[in-house]
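# Report on the structure
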Amino acid sequence: MFWERDIETMPRKELNRLQVSRLKKTLKQAGHSPAYGKIFKAHRITPEKIKTLDDLKRLPFTTKEDLRKHFPYGFVTVPKEKIVRVHSSSGTTGRATAVFHTLKDLEGWADLVARCMFMSGVRRGDVFQNMVGYGLFTGGLGFQYGAERLGALTIPSGSGNSKRQITLMGDFGTTVIHIIPSYALHLWKVFEEMGLDPKGDTQLRIALIGAEPHSDATRQRIEEMYGVEAFNSYGLSEMNGPGVAFECPEKSGMHFWEDHFIVEVIDPKTLKPLPEGEEGELVFTTLRREAMPLIRYRSKDLAAIFPEPCRCGRIHRRISRIKGRSDDMFILKGVNIFPLQIDTVLMTLAEVGTNYQVVLERENFEDKMIVQVEVRPEFFKGDLRQLERLRRQITESLKSEILVTPKVELVEPDTLPRSEGKAVRVIDRREM
Ligand code: AMP
Ligand code: ZN
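Here the residue numbers are simple positions, counted from 1 along each chain's written sequence. Chains carry letters from A onward and ligands carry numbers from 1 onward, assigned in written order. Whole-chain, interface and lining totals are the exception, using all residues; otherwise, since this is a predicted model, local features are given only for residues with pLDDT of at least 70 and side-chain atom pairs are given and counted only at 80 or more. For the side-chain quantities, the full set of heavy atoms in the structure was used; hydrogens and water were omitted.

### Quick look at the overall build of the protein chain
Cut-off, in case you're wondering: The helix and strand labels rest on DSSP assignments: H or I over at least four residues marks a helix, E over at least two residues marks a strand, and numbering proceeds from the N terminus. Just to be clear, the radius of gyration here is over C-alpha atoms, and the globule rule we use is 2.2 Å times residues to the power 0.38. The cut-offs for exposure are 20% and 50% of the maximum accessible area for each residue type, with area from a 1.4 Å probe on protein chains only; residues under the lower value are buried, those over the upper are exposed, and the others partly exposed.
When helices and strands are tallied, the protein chain shows 13 helices and 21 strands. Its C-alpha radius of gyration of 22 Å places the protein chain within 12% of the 22 Å reference for a compact globule of 432 residues. Structurally, the protein chain occupies a C-alpha span of about 75 × 55 × 40 Å along its principal axes. Looking at the 432 residues of the protein chain, the share that counts as buried comes to 56%.

### A few points about the coordination of the zinc ion (ligand 2)
Rule in force here: Water is not part of the atom set, so a site may look incomplete; the donors themselves are N, O and S atoms within 2.8 Å of the metal, or 3.2 Å for Na, K and Ca.
Around the zinc ion (ligand 2), the protein contributes the donor atoms Cys248 (SG), His255 (NE2), Cys310 (SG) and Cys312 (SG), at 2.1 to 2.3 Å from the metal centre. Donor residues for the zinc ion (ligand 2), ordered by position in the chain, follow C-x6-H-x54-C-x1-C. Of the two residues, Cys248 sits in the loop between strand E8 (241-247) and strand E9 (254-256) while Cys310 sits in the loop between strand E13 (305-306) and strand E14 (318-319), which places them 62 residues apart along the sequence. For Cys248, a relative accessible area of 0% translates into the label buried.

### Some points on unusual backbone geometry
Following Phe71, the chain continues to Pro72 via a peptide bond in cis, the omega torsion being -5 degrees. When you line up the elements, Pro72 lands in the loop between helix H4 (64-69) and strand E1 (83-88). Residue Arg296 is not a glycine yet carries a positive backbone phi of 50 degrees. Within the element layout of this structure, Arg296 appears in the loop between strand E11 (280-286) and strand E12 (297-303). With a relative accessible area of 3%, Arg296 lands in the buried category. A positive phi angle is found at Leu403, which is not glycine, with a value near 70 degrees. One can find Leu403 in the loop between helix H13 (384-402) and strand E20 (407-411).

### Concerning the sheet that holds E20
Whenever strands of a sheet pair, they do so through backbone hydrogen bonds, lying parallel or antiparallel. Definition in use: DSSP-based pairing: two strands are paired if at least 2 bridges between them are found. A fitted line through C-alpha atoms represents every axis, and for helices the fit uses only the stretch in contact; the resulting angles, taken between N-to-C directions, go from 0 to 180 degrees.
The sheet built from 4 strands is open, its strands ordered E20-E19-E18-E21 with mixed pairing. Taken across any chain shown, the strands that pair with only one partner, and hence form the sheet edges, are E20 and strand E21 (426-428). Averaged over all adjacent pairs, the angle separating strand axes in this sheet is 20 degrees, with direction ignored. Bridge count for strand E19 (residues 366-375) against E20 is 5 bridges, and the pairing is parallel.

### Thoughts on the packing of aromatic side chains
What counts, and what does not: Working definition: a ring pair exists when centres of Phe, Tyr or Trp rings (six-membered ring for Trp) sit within 6.5 Å. Plane angles under 30 degrees give stacked, over 60 give edge-to-face, the rest tilted. Criterion for a charge above a ring: Arg CZ or Lys NZ at most 6 Å from the ring centre, at most 35 degrees from the ring normal.
Overall, the coordinates contain 8 aromatic pairs when judged by the stated rule. Aromatic side chains Phe261 and Phe284 sit 6.3 Å apart centroid to centroid with 80 degrees between the ring planes, which places their arrangement in the edge-to-face category. On the criterion of sequence distance, the pair formed by Phe261 in strand E10 (residues 261-266) and Phe284 in strand E11 is long-range, its members being 23 residues apart. Residue Phe261 is classed as buried on the basis of its relative accessible area of 3%. Ring pairs connect the aromatic residues Tyr36, Phe40 and Phe75, which therefore count as one cluster. The residue whose ring lies beneath Arg85 is Tyr145, and the NZ or CZ to ring-centre distance is 4.9 Å. The lysine or arginine in question, Arg425, covers the ring of Tyr356, its NZ or CZ lying 4.1 Å from the ring centre.

### Observations concerning the environment of Pro273
Test applied: Here a residue-residue contact requires only that any non-hydrogen atoms of the pair lie within 4.5 Å.
Here Pro273 is to be found in the loop between E10 and E11. Here Pro273 falls in the partly exposed class, since its relative accessible area comes to 41%. Separated by 216 residues in sequence, Pro273 and Lys57 have C-alpha atoms that sit 8.2 Å apart. Sequence-distant contacts of Pro273, that is, excluding residues within four places in its chain, are made with Lys57, Val265 and Ile266.

### Examining the pattern of salt bridges
As a reminder, the rule being used: Throughout this description, the term salt bridge denotes a Lys or Arg side-chain nitrogen within 4 Å of a carboxyl oxygen of Asp or Glu.
Under the criterion given, the structure shown has 39 salt bridges. The salt bridge involving Glu279 is made with Lys323; its shortest N-O contact spans 3.1 Å. Here Glu279, found in the loop between E10 and E11, pairs with Lys323, found in the loop between E14 and strand E15 (324-325); they are 44 residues apart in sequence, far enough to count as distant. A salt bridge links Arg392 to Glu388; its shortest N-O distance comes to 3.4 Å.

### Section: the nonpolar core
To be explicit about the condition: By nonpolar core is meant a set of buried Ala, Val, Leu, Ile, Met, Phe, Trp, Tyr and Cys residues that side-chain atoms within 4.5 Å join together.
By size, the foremost hydrophobic cluster in this structure holds 65 residues, and its most contacted members are Met117, Leu208, Tyr234, Leu282, Phe284 and Ile319. At 9 residues, helix H5 (residues 103-119) tops the list of elements feeding residues into this core. Excluding residues that lie within four positions of it along the chain, Ile319 makes contacts with Tyr234, Ala245, Gly253, Met254, Phe256, Leu282, Ala303, Ala304, Ile305 and Phe306. The next biggest cluster of nonpolar side chains, apart from the first, holds 49 residues, and it includes Ile180, Trp188, Tyr356 and Val373.

### Quick word on the layout of surface pockets
Taking a probe equal in size to a water molecule and rolling it over the atoms shows the remaining empty space. This is how the line gets drawn: With a 1 Å grid spanning the protein atoms alone, the term cavity applies to any set of points in which a 1.4 Å probe fits but cannot get out, the term pocket to an open set with protein on both sides within 12 Å along at least five of seven lines, and the term lining residue to any residue with an atom within 4 Å of a point. Grid points are joined across faces, edges and corners, and a volume is the space filled by probe spheres set on the points.
Of the voids in this model, the second largest pocket is the one considered here, and its volume is about 450 Å³. Lining the second largest pocket are 22 residues; nearest its centre among them are Lys104, Leu287, Arg288, Arg289 and Glu290. Broken down by secondary-structure element, the contributors of at least two residues to the lining of the second largest pocket are helix H2 (12-30) and H5. Broken down by element, the lining of the second largest pocket gets its largest block of residues, 7 residues, from H5.

### Concerning the packing of helix H8 (residues 181-193) against helix H10 (residues 216-226)
The following threshold applies: Throughout, the term roughly parallel applies to angles under 35 degrees, roughly antiparallel to angles over 145, roughly perpendicular to angles from 65 to 115, and oblique to all others. Handedness of a crossing follows from how the near helix is turned relative to the far one, being left-handed for an anticlockwise turn of less than a right angle and right-handed for a clockwise one. Residues are sorted three ways: Asp, Glu, Lys and Arg are charged, Ala, Val, Leu, Ile, Met, Phe, Trp, Tyr, Cys and Pro are nonpolar, and all the rest, Gly among them, are polar.
Following both chains from N to C, one finds H8 and H10 inclined at 30 degrees, their axes separated by 10 Å at the closest point. Taken together, the axes of H8 and H10 lie roughly parallel to each other. The two elements H8 and H10 meet at a crossing, and its hand is left-handed. Where H8 approaches H10, its residues Pro181, Ala184, Leu185, Leu187, Trp188 and Phe191 are matched on the opposing element by Thr218, Arg221, Ile222, Met225 and Tyr226. The residue inventory of the contact of H8 with H10, partitioned by class, reads 9 nonpolar, 1 polar and 1 charged.

### Section: the sheet that holds E10
Taking strand neighbours across the sheet as the criterion, the 4 strands line up as E10-E11-E12-E15 in an open arrangement whose pairing is antiparallel. Looking at which strands have only one partner, the edges of the open sheet turn out to be E10 and E15. Relative to E11, E10 is paired through 6 bridges, and the arrangement is antiparallel. Looking at the pairing, Ile266 lines up with Glu281 of E11.

Quick look at the structure:
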């Protein structure tokens, strides 16, 4: 079942040819922007020099710093009258960046999101509730236009206001939700408070989850809690937003759309390309963008490309679950740790509730890691020894995953801070 069968199952050779011809066009277009105009001149780059995909590897990278340096219009290739929308990244790391779109860009983006949604099983007749922030964040309008393109009935409910979200689900018979995973865990508790069970009291069947790193254990929890199939959705505002890579029903990696993007994996330190299958930083080149094409954009997101063909029949390759941004990694006592590793351990344990937080502190020149974990309410009613056993079990499981022993603190539900958008999992107080 394909949204665009010809494109999704196009033979590799043909797809590569398409990529080369679109890459040439993209370079030509990019050259019209003041920023790339200068860069291309300095590196003597002309589209005619591109003959194969390997030629791309000789072009310089574009970084977030480049986007900031030329903020706001330096990478725009068209007259302002042709730009109809701007989006901006969440700015979790430094100043936000702006990405501009023409009407044609928005259409291409909507098509990609529709393709992803269709792949996960969303159809006309579905009622789609988009529970993320609208506005500059791309998850709101990005999914809105994609779902409309697909032909679903859309409820643009936006983020927050949990009770109202649940009421809307009941009123309109929502069957598909788009939701940030940490918020999905929280919302389940609100169902409980309202005396409802999302499994029996809603018509939900599909959850599209993404925008932040999360483990497969978190996905499985969401599937069990809501009685749905949950699909991982990956995107970044510099590459439009959602619609870059998405899970198919095989749920083993996310297909990235090679007719719209060329994806490379590089070693973030040496900047050399890595062989397929090895984990590194994802680098993107847009192939269809008009207002603001980007060449070899360094995403800082870490993942690997799976070269094997997928059983679903799509030719477009897959990337692994995103391990996080290289900036998410922290070093404790010389050990590199990703928040995703902690997520995997905690979300596998049934006693663990729906929220947790990692605090890093420095005391007498020694680094400490405190993992605060919300625990299911029944544990606070019961026996203290049971609680202590659980605390030790969590400590041991974390230790065997991350190789350092954290201090685990068990707390009652709803005591840890929560954000409405992407979760903030790690608070590093070591520099303060
Ligand atoms: P923004 O451009 O502000 O929307 O943020 C995009 C970033 O969110 C990406 O570069 C990733 O770091 C993160 N992100 C988005 N989707 C996912 C996902 N499915 N899994 C892990 N991280 C994600
Ligand atoms: Zn597949």
